[in-house]
Amino acid sequence: MSDGMKSIQPADLDPRAAYQLLVSVVIPRPIGWISTVSAEGVYNLAPYSFFNGVGGNPPTVMFSASKRRPSDIGKDSLLNAQQTGEFVVNIVSEDLTEAMNNSSADVPFSVNEFEHVGLT
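1. Some details on the confidence of the model for the protein chain
Consideration 1: Predicted confidence across the protein chain gives a mean pLDDT of 87, with 93% of residues reaching 70 or more.
Consideration 2: Averaged pLDDT values for the elements of the protein chain fall to 84 in helix α1 (residues 15-25) and rise to 95 in helix α4 (residues 113-116).

So, in structure tokens, the structure goes:
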């Protein structure tokens, strides 16, 4: 670019660098605390920084659940939402920050994550 601006090609970045770039330019980035229930009735709770309202008529929200590794079948929140067709977006208040951070732990699918972080 002739005006001194630098052009960045995301395809040229490794996935971690591309993620860091994206989260540094889209700010503020509120956290959507996504709660789901599996088809077997196990409660799941996980923070997502990639969530947003995307439409008004009908009211539509989304969250983006990336895979951790190419071999993964997907995060629990995504699997639960696909199986049941439902998820809830919760907004974290300051007094629940520690519980929200703890809900990002990688625990087995069979663990009730509300109980894991001390919530009901």
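2. Some words on empty space enclosed by the protein
Consideration 1: In the structure shown here, the tally under the stated rule is one cavity of 30 Å³ or more.
Consideration 2: Approximately 30 Å³ is the volume found for the largest cavity.
Consideration 3: Surrounding the largest cavity, Val42, Tyr43, Asn44, Asp76, Asn80, Pro108, Phe109, Val111 and Glu113 form its lining.
Consideration 4: Looking at the lining of the largest cavity, the elements that each hand over two or more residues are β2 (43-48) and α2 (76-84).
Consideration 5: When its residues are assigned to classes, the lining of the largest cavity shows five nonpolar, two polar and two charged.

3. Topic: the sheet that holds strand β5 (residues 88-91)
Consideration 1: Strand order in the open sheet formed by three strands is β2-β1-β5, with antiparallel pairing between adjacent strands. Because the sheet does not close on itself, it has two edges, and the strands there are β2 and β5. Each neighbouring strand pair of the sheet contributes to a mean axis angle of 30 degrees, computed without reference to strand direction.
Consideration 2: By the bridge criterion, four bridges tie strand β1 (residues 32-37) to β5 in an arrangement that is antiparallel.

Cut-offs and rules
- Residues numbered from 1 in each chain as written.
- Predicted model: local features only at pLDDT ≥ 70, side-chain atom pairs only at ≥ 80, totals over all residues.
- Heavy atoms only, no water.
- pLDDT = per-residue confidence, 0-100.
- Helix = DSSP H or I, 4+ residues; strand = E, 2+ residues; numbered from the N terminus.
- 1 Å grid on protein atoms, 1.4 Å probe; cavity = no way out; pocket = protein on both sides within 12 Å on 5 of 7 lines; lining within 4 Å.
- Points joined across faces, edges and corners; volume = space filled by probe spheres on them.
- Nonpolar A, V, L, I, M, F, W, Y, C, P; charged D, E, K, R; others polar.
- Pairing = 2+ DSSP bridges.
- Axes fitted to C-alpha atoms, helices over the stretch in contact; angles between N-to-C directions.

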